[in-house]
Amino acid sequence: MPTEPGKIRNVAVTGHRGTGKTSLVEAMLFQAGAVNRLGTVESGTTTSDWDDDEQRRQMSLASSLCHLEWQGRKINLIDNPGDPGFTGDTVAALRVVEGALVVASAVMGVEVQTGRVWERAEGLELPRVVFVNMLDRERADFYRALEGFRTGLSERCVAVHLPIGSEHELTGIVDLLHMTAYGSPDGERESGPMEIPEELHDTVETYRTQLLDSVVETDEGLMERYLDGEELGTEEVAHALKDAVTRGELFPVACGVATKNLGTTALLDLLVEGVPSPAKRPASIDVNGAGTAAFIFKTVADPFAGRINLFRVLNGTLSSDSTVVNVRSHAKERVGALLTLQGKDHDPAKEFGPGDIGAVAKLKDTTTGDLLLDAERELELPRLDFPEPVMSFAVTPKAKGDEEKVASSLRRLAEEDPTLVLRRDPQTGDQLLSGMSQMHVEVAVDRLRGRFGVDVELHQPHVPYLETIRKEARARHRYKKQTGGRGQFGDCEIVLEPLPEREGYEFVDEIVGGVIQQGFRPAVDKGIQEAMQHGELAGAPVQGVRVRLVDGQQHNVDSSEMAFKIAGSMAFKDAYAKADPVLLEPIMEVEVAVPDDAVGAVNGDLNSRRGRLQGMEPRGGMTSIKAEVPMAEILTYSQALTSLTGGRGDYHMHFLRYEEVPSHIAQKVIDETKKELEEAKV
Ligand SMILES: Nc1nc2c(ncn2[C@@H]2O[C@H](COP(=O)(O)OP(=O)(O)O)[C@@H](O)[C@H]2O)c(=O)[nH]1
Ligand SMILES: [Mg+2]
């Protein structure tokens, strides 16, 4: 297998879920002879979906590394999950490759995740090749899909392959670059090259001209000769195409049928001829001329080999039986066995050179996002810019007493998957597990059971309500107890005022003439702050209040800090009730991407969730809807969106600000909290 940087192609296979990425990787491996039978997703026999959970769900849940040899080049393929829940893997994979192979369905064309992946790649200025798959399906239309890419994602998308026939009458594909055709005896090795069928000549002519026009436009020398009517050689066109792809000036669009192994020969040729090698494009992670440097883009828990780290060599050569330093943890790591992966199968490898992608087992303290160097050096860690989690669940162990085990196991999972976030809500006390989709969190729960033997339940988390006041109020409280010996005496008068931003707390000491001695005044403050932890409306923390301590009285024998603390707390409660208190709720900014035909339904639904529409714009072939929605109404949005869009939509959200809860709804929240508090008492 060739390993010089100029002979490597690193390609991340990405796109919407169910577009046939895993099947396509399988077909390429099979066509190149890297595996000797064509596995299927249905029978759980593909090379890249090797995990039990993946086979059960018949979908990719983690990125998987495969490799093959084609035209004397080593092609490393990273098959990525399409479900938005597992975007983290895609984000990391895109950082270690020179090309993204964006797979789309010829029936659905550009879908939500296609657009998101495209944007990510755009941000990295990553070369892209499109594969329009599933040409054999009913209602498949290559030309419509091509147009969708051109209008939705980039006008610089240009067809390099065309289908011969369509739907169930599909018989092959045309390679416009080499002007040949390929046919497939359904799941066998693809046959060809062969003659382009007569009846397609006109169409081929049209699209070949479009391709040549687009290519020469990016290369002045070729342009002149082309305009002079000179016949251009295939190799020089391919060369110019690759340069254009490398600079992001063209995005070639290929097509085929993954499950029938049709279109793979031309696609593999295209990856070799159209995608830059690591020698042609600087790695997207700069290590400042370090010696040997490798970047960990994925940590996999392998049931047999333990923890496996997938890496990309950024510089130098990583050899087995060497020692490296982890830039994040400063730990010295012993690199024992290096591995070449083919899905779950691994073979020992001696070394990986610059630009290559491989795996290493049994590192102690190294996970996703880490950088390994041959010697200790100050270097900034690459920021992967993972998306923020969109949904949270409260997690509780099924068995009492398992709390610590649940927390530590979840921490392990979150280490491997940075888009899984674990935290305790200080306000509600919930142990929150946040992820990118419901499926994402559910898979984490499955792994918790499978790998750590702990069972948990997921609940809807509590909404972190707050309370504040709307007007000024004054109260005085005298705390007095006379019990035999020394009594208790504290007396204070306070004024509450709303703070303008409805945030924070201020205590202003306005005592004059020493009616309360200096030493007792902080006790009043303390008592007030304690009372503010659980507001009288719904037991939520109170904020946005200035308290002025204006008057009081003390007793020279019976007064104590304790007495003033209680007086402060009681005075606050009295004043609070008169200060027109309200409940505040978190408002989220939600961005939903949906196909155009679902816009009406989705807007209607957001409206019924007290959402306020902020705007709509076309984005990546879909419509992006922005709205502000109270958190309480959108905790279980994932299921709703799935049923509204038939699984074709996705969303992101983040906290925006707190707002008053409308009074009719506030009453419900207050009643519910009271009920909960009472139940907790029993
Ligand atoms: N008819 C047809 N089905 C396909 C094709 N490619 C994949 N499939 C099927 O589509 C489903 C999803 O495929 P998979 O490879 O898991 O898609 P992924 O989620 O993008 O990896 C599976 O049932 C495949 O058998 C194709 O070209 N034609
Ligand atoms: Mg897959």
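Before reading further, recall that the structure is shown in the block above.
These lines cover the structure that appears in this document, whether it is placed above or below. These numbers come from a predicted model, not from an experiment. (Residues numbered from 1 in each chain as written. Chains lettered and ligands numbered in written order. Predicted model: local features only at pLDDT ≥ 70, side-chain atom pairs only at ≥ 80, totals over all residues. Heavy atoms only, no water.)

1. Things to note about helix α15 (residues 637-645)
No. 1: Every buried residue of α15 is accounted for by Y637, S638, A640, L641 and T645. Down the axis of α15, the buried set is contained in an arc of 165 degrees. They therefore lie on one face.
No. 2: Close packing links the buried residues of α15 with β22 (391-397), α11 (438-452), β31 (581-594), α14 (599-608) and β34 (650-660). (Buried < 20%, exposed > 50% of the residue type's maximum accessible area, 1.4 Å probe, protein only. Helix = DSSP H or I, 4+ residues; strand = E, 2+ residues; numbered from the N terminus. Arc of directions from axis to C-beta. Contact = heavy atoms within 4.5 Å.)

2. A look at the coordination of the magnesium ion (ligand 2)
No. 1: For the magnesium ion (ligand 2), every protein donor is listed as T22 (OG1) and S60 (OG), and the spread of their distances is 2.0 to 2.1 Å. Note that T22 is positioned in helix α1 (residues 21-31) and S60 in the loop between α2 (52-57) and β2 (64-70), a separation of 38 residues in sequence.
No. 2: For S60, a relative accessible area of 9% gives the class buried. (Donors = N, O, S within 2.8 Å, 3.2 Å for Na, K, Ca; no water.)

3. Considering a negative patch on the surface
No. 1: Judged by side-chain charge, D671, E672, E676, E678 and E679 come together as a negatively charged surface patch.
No. 2: Note on placement: D671 falls in helix α16 (residues 663-681).
No. 3: By relative accessible area, which is 42% here, D671 ends up partly exposed. (Patch = residues over 30% accessible without salt bridge, like charges linked within 9 Å, V, L, I, M, F, W, Y side chains within 5 Å. Areas by Shrake-Rupley, 256 points an atom, 1.4 Å probe, with all protein chains shown as cover. Salt bridge = Lys/Arg side-chain N within 4 Å of Asp/Glu carboxyl O. Lys, Arg positive; Asp, Glu negative; His and termini not counted. Charge placed at Lys NZ, Arg CZ, Asp CG, Glu CD.)

4. Considerations on the pairing of strand β5 (residues 128-133)
No. 1: Burial analysis of β5 places six of its six residues in the buried class, the great majority of the element.
No. 2: Burial of β5 is two-sided: the residues R128, V130 and V132 facing one way and the residues V129, F131 and N133 facing the other way are all buried.
No. 3: Here strand β4 (residues 99-105) pairs with β5 via six bridges, running parallel. Its bridge partner lying in β5, V103 is registered against F131.
No. 4: Regarding topology, helix α4 (residues 112-123) serves as the crossover connection from β4 to the parallel β5, and that connection is right-handed.
No. 5: Relative to strand β11 (residues 251-255), β5 runs parallel, the two being bridged by three bridges. In the sheet register, V130 faces β11, and the bridge partner there is V253. (Pairing = 2+ DSSP bridges. Right-handed = clockwise from strand over helix to strand, strands pointing away.)

5. Digging into the site of ligand 1
No. 1: Neighbouring ligand 1 are 17 residues; G18, K21, S23, E42 and D136 lie closest to it.
No. 2: In the environment of ligand 1, an oxygen atom lies 2.7 Å from a nitrogen or oxygen atom belonging to the side chain of K21.
No. 3: The side chain of T259 places a nitrogen or oxygen atom 3.2 Å from a nitrogen atom of ligand 1.
No. 4: Bound to the protein, ligand 1 loses 87% of the 570 Å² it would expose on its own.
No. 5: Element by element, the count of residues in the shell around ligand 1 is highest for α1, at three residues. (Near = heavy atom within 4 Å. Polar contact = N/O pair within 3.5 Å; in protein donor to acceptor, adjacent residues only side chain to side chain.)

6. Looking at the environment of V325
No. 1: You can see V325 is positioned in strand β15 (residues 322-326).
No. 2: Among all residues touching V325, those that are not within four sequence positions of it are H330, A331, K332, L371, L372, L373, A375 and E376.

7. Topic: the side chain of S569
No. 1: Here S569 lies in helix α13 (residues 561-578).
No. 2: For S569, the contacting residues outside a window of four places in its chain are G527, I528 and A531.

8. Some points on α11
No. 1: Compared with an ideal rise of 1.5 Å per residue, which puts 15 residues at 21 Å, α11 spans 21 Å between its outermost C-alpha atoms and is within 8% of the ideal.
No. 2: When α11 is considered as a whole, its buried residues turn out to be Q438, H440, V441, V443, A444, V445, D446, L448 and F452.
No. 3: At its buried positions, α11 is contacted by α2, β22, α10 (403-416), β24 (431-435), β25 (456-459) and α15. (Expected span 1.5 Å × (residues − 1).)

9. Overview of the packing of aromatic side chains
The description of an aromatic ring pair uses the distance of the two centres, along with the angle that the planes make with each other.
No. 1: Taken as a whole and judged by the stated rule, the model has nine aromatic pairs.
No. 2: Relative to F251, the ring of W118 has its centre 4.9 Å away and its plane inclined at 70 degrees; by these criteria the two rings are edge-to-face. With W118 in helix α4 and F251 in strand β11, this residue pair connects regions lying 133 residues apart in the sequence.
No. 3: Judged by its relative accessible area of 1%, F251 falls in the buried class.
No. 4: Pairing Y637 with Y651 gives two aromatic rings, centres 5.0 Å apart and planes at 85 degrees, and the pair type is edge-to-face. One end of the pair, Y637, is in helix α15; the other, Y651, is in strand β34, and 14 residues separate them in sequence. Y651 matches Y637 in its accessibility class, with the two residues each being buried. (Phe/Tyr/Trp six-rings, centres within 6.5 Å; stacked < 30°, edge-to-face > 60°.)

10. A closer look at the environment of A640
No. 1: Within the secondary structure layout, A640 lies in helix α15.
No. 2: Of the residues examined, A640 reaches a relative accessible area of 15% and is grouped as buried.
No. 3: Residues A640 and D605, spaced 35 residues apart in sequence, show a C-alpha to C-alpha distance of 8.6 Å.

11. Some details on the pattern of salt bridges
No. 1: This structure, assessed with the given rule, holds 43 salt bridges.
No. 2: R521 is the partner of D509 in a salt bridge, and the nearest nitrogen-oxygen pair spans 3.0 Å. Of this pair, D509 sits in strand β29 (residues 505-509) while R521 sits in helix α12 (residues 521-532), placing them twelve residues apart in sequence.
No. 3: By relative accessible area, which is 32% here, D509 ends up partly exposed.
No. 4: Residue R610 pairs with E633 through a salt bridge whose shortest N-O separation is 3.0 Å. In this pair, R610 sits in the loop between α14 and β32 (612-619) while E633 sits in the loop between β33 (622-630) and α15, placing the two residues 23 residues apart along the sequence.
No. 5: Among the residues examined, R610 registers a relative accessible area of 22% and is labelled partly exposed.
No. 6: Among the residues examined, E633 registers a relative accessible area of 25% and is labelled partly exposed.

12. Things to note about unusual backbone geometry
No. 1: Positive phi, normally seen in glycine, also occurs at E125, with a value near 50 degrees.
No. 2: Along the chain, E125 turns up in the loop between α4 and β5.
No. 3: Within the chain, R139 stands out as a residue other than glycine whose phi angle is a positive 65 degrees.
No. 4: If you trace the backbone, R139 turns up in the loop between β5 and α5 (142-152).
No. 5: Judged by relative accessible area, R139 falls into the exposed class, the value being 57%.

13. Structural notes on the sheet that holds β11
No. 1: Strand order across the open sheet formed by seven strands is β2-β3-β1-β4-β5-β11-β6, with mixed pairing between neighbours. Each edge of the sheet is formed by a strand with only one pairing partner; in this case those strands are β2 and β6 (157-159). Averaged over all neighbouring strand pairs, the angle between strand axes comes to 30 degrees, with direction disregarded.
No. 2: Along the sheet, helix α3 (residues 87-94) makes contact with β1 (8-15), β3 (73-79) and β4, crossing β1 at roughly 155 degrees.
No. 3: Taken strand by strand, α4 contacts β1, β4, β5, β6 and β11, and its axis lies near 165 degrees from that of β5. (Axes fitted to C-alpha atoms, helices over the stretch in contact; angles between N-to-C directions.)

14. Details of the sheet that holds β24
No. 1: Spatial strand order, β23-β24-β22-β25: four strands in an open sheet with antiparallel pairing. The strands lining the two open edges of the sheet, one partner per strand, are β23 (421-424) and β25. Sheet twist, expressed as the average angle between the axes of neighbouring strands with direction ignored, equals 35 degrees.
No. 2: For β23 and β24, the ladder comprises four bridges, and the chain directions are antiparallel. By the bridge assignment for β24, V421 is matched with S434.

15. Let's talk about the side chain of Q431
No. 1: Mapped onto the fold, Q431 is located in strand β24.
No. 2: Among all residues touching Q431, those that are not within four sequence positions of it are F393, A394, V395, A407, L422, R423 and R424.

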